[in-house]
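# Structural overview
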Amino acid sequence: MTEHAPDGRHPAQSIEDAVTHALRLAETWPAWDGEPRAVDDRVYTPHKAIRRLADHLVDHLAEFEARVAGQPTLPDHWHASAITTPADLAPFTREDLDEARSRLTRLAQIWSLRLHAIDDERLDRAEGDAWTLRALAHHLGSTYYADAVGPLH
């Protein structure tokens, strides 16, 4: 992967932009009608989108930190978006939005601080068949989960 994303963003900016986008959409989610949205072969709800985004950031943060420390990564046992939990089906309130905002902006800040502390050589170092750390971070710039729910009015 090149130093920056094809659009020129630093990987930290990709993550910050994805979180900003998700939270902008989430501002409309208190209007959710309770019907999960079918996308591809899965269903999504506001809570599930927030859960998946946060879990994705945490999962890859653990991988990133283990790799930087030269330690093995933990095996992946997430159910991810293959399951929809009872909590995912709960109404999405203004309080849920506040909690999501606090959780996701802090995770984005951790990622940003960490990525800016790592030099380009380390971000771009190939390690077997694993993504480079830069590619891993850009991967987190995906807005898939939030877009699966989309704006609700």
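Structure first, text after, so check above.
Residues numbered from 1 in each chain as written. Predicted model: local features only at pLDDT ≥ 70, side-chain atom pairs only at ≥ 80, totals over all residues. Heavy atoms only, no water.

## A word on the pattern of salt bridges
Here the structure, examined in full by the defined rule, presents 14 salt bridges. Its salt-bridge partner being Asp88, residue Arg51 comes within 2.8 Å of it at the nearest N-O pair. Highlighted residues: Arg51 in helix H2 (residues 46–68) and Asp88 in the loop between H2 and helix H3 (94–117), separated in sequence by 37 residues. Through salt bridges with shared partners, a single network forms among Glu63, Arg67, Arg122 and Glu127. (Salt bridge = Lys/Arg side-chain N within 4 Å of Asp/Glu carboxyl O. Helix = DSSP H or I, 4+ residues; strand = E, 2+ residues; numbered from the N terminus.)

## As for helix H1 (residues 11–26)
The end-to-end C-alpha distance of H1 is 23 Å, a good match for the 22 Å that 16 residues give at a rise of 1.5 Å each. Packing partners of the buried residues in H1 comprise H2, H3, helix H5 (133–139) and helix H6 (144–149). (Expected span 1.5 Å × (residues − 1). Contact = heavy atoms within 4.5 Å.)

## Examining the packing of H2 against H3
Look at H2 against H3: their axes get within 11 Å of each other, and the N-to-C directions meet at 20°. One finds that H2 runs roughly parallel with respect to H3. Remark: the crossing between H2 and H3 carries left-handed chirality. Judged by residue contacts, His47, Ile50, Leu53, Ala54, Leu57, Val58, His60, Leu61, Phe64, Glu65 and Val68 of H2 engage Asp96, Ala100, Arg103, Leu104, Leu107, Ile110, Trp111, Arg114 and Leu115 from H3. (Axes fitted to C-alpha atoms, helices over the stretch in contact; angles between N-to-C directions. Parallel < 35°, antiparallel > 145°, perpendicular 65-115°, else oblique. Left-handed = near helix turned anticlockwise from the far one by under 90°.)

Nothing here speaks to function; it is all geometry.
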